[in-house]
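These are the residues of each chain, in order.
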Amino acid sequence: MIRENPFVYYGKKLFVFLLSLFILSLAVFFISRLAPGDPLVSYYGDRVEKMSVEEREWAENKLGLNESLPVQYGRWAKNALCGDFGISYKYKMEASEVIGERIGNTLVLGGIGFLLTFVLALGLGILCAYYEDKWLDKLLCRVGTITSCIPEFWLSLVLILIFSVNLNLLPGSGAYSIGNKDDFGDRMLHLVLPLAVVVINHLWYYAYMVRNKLLEEVRAEYVLLGKAKGLSKRKIIFRHCLRNIMPSYLSLMAISVPHIMGGTYIIETVFSYPGIGKLATESARYKDYNLLMLICLISGAVVILCNIIAQIINERIDPRMRESRHIEEGEVAENGK
Amino acid sequence: MENKFELVGKRPTVLTESKKRRTLRGKPVISVSFILVLILACSFCELFMPKDPTYMDLYNADAAPNGEFFFGTDAMGRDIFSMIWYGGRISLFIGFFATVISVFIAVIFGSISGLAPKWVDSILMRFTELLLSIPSLLLVILLQAIMGKANVLSISIILGLTGWMSMAKVVRSEVRQIRESEYVIAARCMGAGFWRIVWKHLAPNFVSSIMFMAVMNVRSAIVAESTLSFIGMGLPLEIISWGSLLSLAERSILSGSWWIIVIPGVFLVLTLLCLTNIGNHLRKAVNRKESNL
């Protein structure tokens with residue numbers, strides 16, 4: 001491996017990030033403008049139908065909807081670079097402000113959910129690998145497969161039905177009860193069910209990955225050596241095997257961010273949790289372009305960023321990944337012989 | 001051969017199991033039969049449906065399961081038992097049709113990318129990576145907005161258009177590995193066209209590796225359809241599918257009618273579970289050595 005200047009290395013990554021972001025914004029912008037549906041309706045409500053032609057024209061002019069698409073994109077991009085993402089037609093507020101109010105809620109739900117999934121999946125995976133082919137492992141595999149098949153929205157509904165409606169233990173919608181906005185305990189109580197759905201839904205997928213990676217690792221020669229040295233089973237797994245799978249687990253978790261994020265969006269909608277996921281479905285329904293674009297951009301940026309982080313982790317740990325193209329070519333040549 | 005030598009000390013082979021049992025062992029018999037029964041029942045549901053699934057019997061709205069309505073009725077008085085079979089038809093159709101579209105695109109795109117010169121290949125692969133980086137839910141919502149009012153075909157097409165990327169990557173790497181083999185070169189020398197090479201020479205090689213992905217694709221298309229319809233961006237209430245059936249569930253939470261949520265959901269989850277089992281079976285079984293622990 002030729003050592004690269006770190007500035008060049010990270011500069012390249014930054015360039016890729018910005019380029020992807022630009023293409024993403026272009027795609028989202030054009031798709032959302034091509035969509036049928038009248039954005040005037042979301043700004044003026046039903047009054048649009050009573051507007052005369054001149055009034056309509058005036059309104060479109062005011063919102064800048066009558067110019068050609070490239071011009072509209074150019075203006076949007078120029079404003080966006082100055083931090084102005086336009087107003088949300090529905091909320092009559094700066095789009096960034098609308099999102100700023102809610103993004104905290106999403107971060108709390110997604111972040112805690114992500115961390116819980118991360119930790120629990122690791123624990124569960126180790127447990128399964130430790131008791132490989134014993135009844136506990138088999139049971140967990142069965143239950144895990146079943147839970148990973150349950151769609152998020154249905155699990156949310158069932159949990160609401162059981163814990164909120166029938167047992168009346170936990171609140172089933174919103175992020176806080178009315179008038180209790182700053183009550184920490186109340187907020188936590190509202191988080192329990194959505195969090196449970198996030199965790200249950202994603203847990204097994206990652207736990208299964210950990211299990212399989214560990215099972216592969218356990219078959220390596222060094223385990224035999226450790227055993228010959230008299231190390232205990234637990235020590236071998238925790239001290240040696242786990243260390244070897246951690247890097248790939250970390251990069252897996254970086255890639256998993258979009259999955260968990262996408263799941264959070266649906267869960268927010270079912271629980272009417274005021275986060276950006278609920279906002280996204282709402283703004284898509286009301287053709288609230290500026291808001292929708294900003295949400296898509298933020299989500300896209302997070303996804304691209306996570307992919308790049310995963311790539312960096314992989315390349316740091318295994319320099320071969322950087323030359324993956326050459327290896328691949330070598331393989332092709334060998335097969336062609 | 002057998003009579004010429006006598007094998008000494010050969011352990012007598014005892015065949016306790018019948019041949020039929022052996023061929024079925026380890027295969028997801030229950031899952032396959034469940035899916036088959038479901039497909040049959042949904043296709044011929046007219047024969048045994050006790051009620052018209054679209055008829056709104058407002059007199060009996062929100063009825064709990066009883067002798068007349070086996071699974072109860074929804075808030076609009078429709079019979080859930082009939083709706084499950086009738087709607088399953090649409091849900092399964094969307095799942096399979098979307099997968100057919102995805103597989104088609106994936107095979108074409110992957111083959112082109114695999115056979116193309118390196119620079120075309122890398123452009124095509126960057127393109128798929130970019131598509132993969134957009135959260136699929138948002139992509140689906142955006143496309144749905146373009147296509148206008150959702151119907152069964154438009155939803156299948158959208159789900160097909162958004163689900164092919166990872167499969168295409170697998171096809172591409174398989175194709176890249178075999179594109180230099182003698183038989184492909186020979187076929188090309190004899191003047192075989194793109195389609196013939198893909199169909200006769202490449203496809204048999206990558207079929208096994210995309211089978212698992214295809215089955216999982218059916219599963220995720222069914223989930224996506226029901227999720228979309230549930231949040232009100234998919235099929236409207238009049239078109240009965242498992243998703244639109246469940247979209248009434250939010251209202252039924254308040255009235256405490258559990259059957260509207262639980263019964264269609266159980267069918268949905270069972271179907272997904274069976275598909276997962278079949279998919280896992282199709283994935284090449286890993287040959288596990290003895291553990292060193």
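Further up the page is the structure itself.
Residues numbered from 1 in each chain as written. Chains lettered and ligands numbered in written order. Predicted model: local features only at pLDDT ≥ 70, side-chain atom pairs only at ≥ 80, totals over all residues. Heavy atoms only, no water.

Caption draft 1: The arrangement of the overall build of chain B in detail. What chain B contains, in helices and strands, is twelve helices and zero strands. In chain B, the succession of α and β elements from N to C terminus is α-α-α-α-α-α-α-α-α-α-α-α. Looking at chain B as a whole, 50% of its 293 residues are labelled buried. The long-range fraction of contacts in chain B, counting pairs at least 24 apart against all pairs at least 6 apart in sequence, stands at 70%. Carbon and sulfur atoms make up 65% of the accessible area of chain B, which totals about 15300 Å². (Helix = DSSP H or I, 4+ residues; strand = E, 2+ residues; numbered from the N terminus. Buried < 20%, exposed > 50% of the residue type's maximum accessible area, 1.4 Å probe, protein only. Contact = heavy atoms within 4.5 Å. Areas by Shrake-Rupley, 256 points an atom, 1.4 Å probe, with all protein chains shown as cover.)

Caption draft 2: Quick peek at empty space enclosed by the protein. Residues and elements named next belong to chain A. With the rule as written, the count across this model stands at two cavities of 30 Å³ or more. One number sums up the size of the second largest cavity: a volume of about 40 Å³. Around the second largest cavity, the lining residues are Met 209, Val 210, Lys 213, Ile 245, Ser 248, Tyr 249 and Leu 252. When residues of the lining of the second largest cavity are traced back to their parent elements, those giving at least two are α8 (184-218) and α10 (233-270). With four residues, α10 is the single largest residue contributor to the lining of the second largest cavity. Considered class by class, the residues forming the lining of the second largest cavity number five nonpolar, one polar and one charged. (1 Å grid on protein atoms, 1.4 Å probe; cavity = no way out; pocket = protein on both sides within 12 Å on 5 of 7 lines; lining within 4 Å. Points joined across faces, edges and corners; volume = space filled by probe spheres on them. Nonpolar A, V, L, I, M, F, W, Y, C, P; charged D, E, K, R; others polar.)

Caption draft 3: Region of the structure containing helix α7 (residues 165-178) of chain B. All names here are of chain B. In this model α7 runs 20 Å from its N-terminal to its C-terminal C-alpha over 14 residues, within 8% of the 20 Å that 1.5 Å per residue would give. Those residues of α7 that sit buried are Met 165, Met 167, Ala 168, Val 171, Arg 172, Val 175, Arg 176 and Ile 178. Around the axis of α7, the buried residues are gathered within 165° of arc, so they sit on the same side. (Expected span 1.5 Å × (residues − 1). Arc of directions from axis to C-beta.)

Caption draft 4: Broad picture of helix α7 (residues 152-166) of chain A. The end-to-end C-alpha distance of α7(A) is 20 Å, a good match for the 21 Å that 15 residues give at a rise of 1.5 Å each. When the local axis directions of α7(A) are compared, the greatest deviation, roughly 30°, occurs at A:Ile160. Across the 15 residues of α7(A), eleven count as buried, placing the element largely inside the fold. Buried positions along α7(A) lie against α8 and α10 of chain A together with α9 (194-230), α10 (242-246), α11 (249-255) and α12 (258-282) of chain B. Downstream of α7(A) by a residue or two, A:Asn168 has a phi angle that is positive, lying close to 60°. (Bend = angle between axes of the 7 residues up to and from the residue.)

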